[in-house]
Amino acid sequence: EEEEEEAEDEGSGVRVTPALLKATTGEFSLESILLLRLRGRGIAHLGCLADCSNLEWLDLSGNAIAGLAPLSSLRCLAVLNLAGNRVSSVEPLRGCRSLRQLNLAGNRLRSPRQLRCLQGLRHLESLRLRDPRGDLGNPLCAVPAYRATLAAMLPGLKAIDGQRVAGRGSELFHLCGELDAVLGAEGESEPAVPTEPPQPWVQAGFWQPQPARRSPVLEEATRQLGQALRECRELGRRADDSIAQARRALGRRQHLHHGEF
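Residues numbered from 1 in each chain as written. Predicted model: local features only at pLDDT ≥ 70, side-chain atom pairs only at ≥ 80, totals over all residues. Heavy atoms only, no water.

A. Here's a closer look at the overall build of the protein chain. Helices and strands together make up the secondary structure of the protein chain, namely five helices and nine strands. Reading the protein chain from its N terminus to its C terminus gives the helix and strand order α-β-α-β-β-β-β-β-β-α-β-β-α-α. Looking at the protein chain alone, contacts between residues at least 24 apart form 47% of all its contacts between residues at least 6 apart. (Helix = DSSP H or I, 4+ residues; strand = E, 2+ residues; numbered from the N terminus. Contact = heavy atoms within 4.5 Å.)

B. How the structure looks around helix H3 (residues 146-153). Those residues of H3 that sit buried are Tyr146, Arg147, Leu150 and Met153. Around the axis of H3, the buried residues are gathered within 125° of arc, so they sit on the same side. (Buried < 20%, exposed > 50% of the residue type's maximum accessible area, 1.4 Å probe, protein only. Arc of directions from axis to C-beta.)

C. Layout of unusual backbone geometry. Of note, the phi angle at alanine 145 is positive, near 55°, even though the residue is not glycine. By the secondary structure assignment, alanine 145 is in the loop between strand E7 (126-128) and H3. With phi around 55°, aspartate 161 is a residue other than glycine that occupies positive phi space.

D. Geometry of the side chain of aspartate 131. Relative to the assigned elements, aspartate 131 resides in the loop between E7 and H3. Residues in contact with aspartate 131, not counting those within four places in the same chain, are Ala105 and Leu136.

What follows is the structure in structure tokens.
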């Protein structure tokens, strides 16, 4: 059923091509792209994204994407925003071994079991499936205590839907879990007490591009730039010495020339 939905969703829409990526980033080589923002472009096909092998930050929010297969080869990808798409399977993301932050709010995921494929992502710290600010969610968000299920399934997570579940600031999450258990034991016939919508713990601009950390590409470029600057300084010193020697030689010749007269 999921494959039929993906085929239907990908029947039309924009395809990611090398020309689109080069026009967006200004890079001549797809392997040189580290940060990519393709928000709200009407994209349905990820096309050649698999060729961006060094990509570290990717924003694909607000498109019409259903299939994620090209993302499976992005080993360096650390931040991925897929909010507001048509994703019903995240199986290809098991190949994104460096993934730390994943936003899936506003897609078509029906069950927490569909996220078991993320268990092998040891660096995953933040997972978002619901965003009240944008009125974005997934069908699985209707499952009672789905956050607790995800926290148990993915123990490495520190935040779910912007709420801290581990580390500093997670006490409220665990307290709410204990209260839910107590209230459930007393009886489910009592009317539910309305609660305030969860407040995001991250600051504004959390999903904005951040400077790449420890990028081999930038480190190599910095090294080459430093070497070029050192060579320029050496060439400048040699040029100054040559000019000084030429001036001294010219001065001696002028002195001898005047002496003859």
